Amino acid sequence: SAPARAQERLNVVASFSILGDFVRNVGGDRVSVTTLVGPDSDAHVYSPTPADAKRIADAKLVFVNGLGFEGWLPRLVKSAGGKATIVTATAGITPLKSGSAADPHAWQSIANAKIYVANIRDALAAADPANAETFKANASRYLADLDALDREVRAAVAQIAESRRKV
């Protein structure tokens with residue numbers, strides 16, 4: 001008998017590397033993730049390329065941070081044909097404010113990172129229901145890792161005299 005055809009992976013794009021890491025952790029081997037802005041680049045000043053428009057045109061989902069982080073993205077999505085589903089990973093997060101501006105770097109809080117993971121899990125499950133249980137299991141494992149990280153950070157901070165806790 002012929003070997004079973006490899007299951008096709010969900011083609012998704014993440015706007016920047018940290019978000020791409022979240023998506024890879026939740027999607028596992030069921031997703032193929034392309035990141036537009038790499039780890040050594042600045043998403044605030046990024047200039048999209050024609051290749052980026054093609055990546056978005058070929059994607060089923062495009063994960064974005066939101067909160068004004070990717071000001072260049074709406075034009076890029078429009079030029080790509082606008083067929084991909086845009087998923088805002090910060091949905092449900094109340095950002096910190098600096099004056100009247102919202103801080104878009106919400107992933108820097110572990111509590112917020114857990115909301116990113118839940119939003120990613122739900123979007124992947126909706127786009128690929130056949131793999132929903134895999135996405136839920138991966139997300140549960142990743143959320144447990146984030147909880148462990150939170151405990152580790154809190155324990156480390158507790159070792160520092162309160163008067164010296166400045167970041």
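Residues numbered from 1 in each chain as written. Predicted model: local features only at pLDDT ≥ 70, side-chain atom pairs only at ≥ 80, totals over all residues. Heavy atoms only, no water.

Counting secondary structure elements, the chain contains 5 helices and 6 strands. Secondary structure of the chain in N-to-C order comes out as β-α-β-α-β-α-β-β-β-α-α. Taken along the three principal axes of its C-alpha coordinates, the chain extends 65 × 40 × 25 Å. In the chain, which comprises 167 residues, the share counted as buried stands at 40%. A gap of 3 Å separates the mean positions of the 20 positive and 17 negative side-chain charges of the chain. (Helix = DSSP H or I, 4+ residues; strand = E, 2+ residues; numbered from the N terminus. Buried < 20%, exposed > 50% of the residue type's maximum accessible area, 1.4 Å probe, protein only. Lys, Arg positive; Asp, Glu negative; His and termini not counted. Charge placed at Lys NZ, Arg CZ, Asp CG, Glu CD.)

Let us now look at the sheet that holds strand 1 (residues 10-16). With parallel pairing, the 4 strands of this open sheet are ordered in space as 2-1-3-4. Bordering the open sheet on either side are strand 2 (31-37) and strand 4 (85-88), each of which pairs with just one other strand. Averaged over all neighbouring strand pairs, the angle between strand axes comes to 25 degrees, with direction disregarded. For strand 1 and strand 2, the ladder comprises 6 bridges, and the chain directions are parallel. Considered in strand 2, the bridge of Val13 is made with Thr34. The sheet strands contacting helix 1 (residues 17-27) are strand 1, strand 2 and strand 3 (61-64), and the helix crosses strand 2 at an angle near 175 degrees. Of the strands in this sheet, strand 1, strand 2, strand 3 and strand 4 touch helix 4 (residues 110-127), which is tilted by about 170 degrees from strand 3. (Pairing = 2+ DSSP bridges. Axes fitted to C-alpha atoms, helices over the stretch in contact; angles between N-to-C directions. Contact = heavy atoms within 4.5 Å.)

What follows deals with helix 1. Among all positions of helix 1, only Ser17, Leu19, Gly20, Phe22, Val23, Val26 and Gly27 are buried. At its buried positions, helix 1 is contacted by strand 1, strand 2, strand 3, helix 4 and helix 5 (132-158). Downstream of helix 1 by a residue or two, Gly28 has a phi angle that is positive, lying close to 55 degrees.

Space inside the largest pocket adds up to approximately 170 Å³. Every residue lining the largest pocket is listed: Val153, Val157, Ile160, Arg165, Lys166 and Val167. Considering only residue class, the lining of the largest pocket consists of 4 nonpolar, no polar and 2 charged. (1 Å grid on protein atoms, 1.4 Å probe; cavity = no way out; pocket = protein on both sides within 12 Å on 5 of 7 lines; lining within 4 Å. Points joined across faces, edges and corners; volume = space filled by probe spheres on them. Nonpolar A, V, L, I, M, F, W, Y, C, P; charged D, E, K, R; others polar.)

Moving on, we come to the packing of aromatic side chains. Enumeration according to the criterion identifies 6 aromatic pairs in this entry. With centroids separated by 5.4 Å and ring planes inclined at 80 degrees, the aromatic side chains of Phe69 and Trp107 adopt a geometry described as edge-to-face. Here Phe69, found in the loop between strand 3 and helix 3 (73-79), pairs with Trp107, found in the loop between strand 6 (101-102) and helix 4; they are 38 residues apart in sequence, far enough to count as distant. Like Phe69, the residue Trp107 is buried in the burial classification. Linked through ring pairs, Phe16, Phe69 and Trp107 together constitute an aromatic cluster. (Phe/Tyr/Trp six-rings, centres within 6.5 Å; stacked < 30°, edge-to-face > 60°.)

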